[in-house]
Amino acid sequence: MDQSTDKPEKSIPKLGKDQIYVKIYAPFKDYYDGVAKSVTATNNTGKFDVLAQHHNFITILNAGEIIVRDDQGDHNIKSEPAIMHVKGNQVIVFLNV
């Protein structure tokens, strides 16, 4: 249980070999929470993609657009600078930090 809200935490779904779990959220809003094929974002090095089996890393994203691709298509999320953490086929993005 998440003690701050007393709601059960969402479990991460079982992933296929070409899938990643993505959660993009700000302090008061969830922008994306689910399974995806890829995430595209930009940091000071340039534009990059995160796919399944990506190496673990953390980065600060530049203001701009984050693109999440899933079976329903592309989800474009506008963002100010943000923090992205990639670990174990999970991509977590903290917006408005």
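What you see is a predicted model, and the numbers here were worked out from it, not measured in a lab.

Colleague: Describe the sheet that holds strand β5 (residues 57–61), and please don't skip the residues or the numbers.
Modeller: Strand order in the open sheet formed by five strands is β2-β1-β9-β8-β5, with mixed pairing between adjacent strands. The sheet is open, and its two edges are formed by β2 (29–36) and β5, each paired on a single side. Direction aside, neighbouring strands of the sheet carry axes that sit 10° apart on average. Where strand β1 (residues 20–26) lies against strand β9 (residues 90–94), five bridges are found, and the strand directions are parallel. When the bridges of β9 are listed, isoleucine 24 appears paired with valine 93.

Colleague: Kindly report on the environment of glutamate 80, identifying the contributing residues and their values.
Modeller: If you trace the backbone, glutamate 80 turns up in the loop between β7 (73–79) and β8 (82–87). Linking glutamate 80 and asparagine 62, residues 18 residues apart in sequence, is a C-alpha distance of 6.8 Å. Setting aside chain neighbours within four positions, we find glutamate 80 in contact with Asn62, Ala63 and Asn96.

Colleague: Lay out the sheet that holds strand β4 (residues 46–50) in plain terms, naming residues and giving numbers.
Modeller: Within the open sheet, the four strands sit side by side as β4-β3-β6-β7. Their pairing is antiparallel. In this open sheet, the two edge strands, each paired with only one partner strand, are β4 and β7. Neighbour to neighbour, the strand axes of the sheet diverge by 20° on average, direction disregarded.

Colleague: An account of the pairing of β1 is needed here, citing residue identities and associated values.
Modeller: With five of its seven residues buried, β1 lies for the most part within the structure. With seven bridges connecting them, β1 and β2 associate as antiparallel partners. Bridge pairing in β2 links valine 22 to glycine 34. In textbook terms, the turn of a hairpin is the stretch between consecutive antiparallel strands, and for β1 and β2 this stretch comprises two residues.

What counts, and where the lines are drawn
Residues numbered from 1 in each chain as written. Predicted model: local features only at pLDDT ≥ 70, side-chain atom pairs only at ≥ 80, totals over all residues. Heavy atoms only, no water. Pairing = 2+ DSSP bridges. Helix = DSSP H or I, 4+ residues; strand = E, 2+ residues; numbered from the N terminus. Axes fitted to C-alpha atoms, helices over the stretch in contact; angles between N-to-C directions. Contact = heavy atoms within 4.5 Å. Buried < 20%, exposed > 50% of the residue type's maximum accessible area, 1.4 Å probe, protein only.

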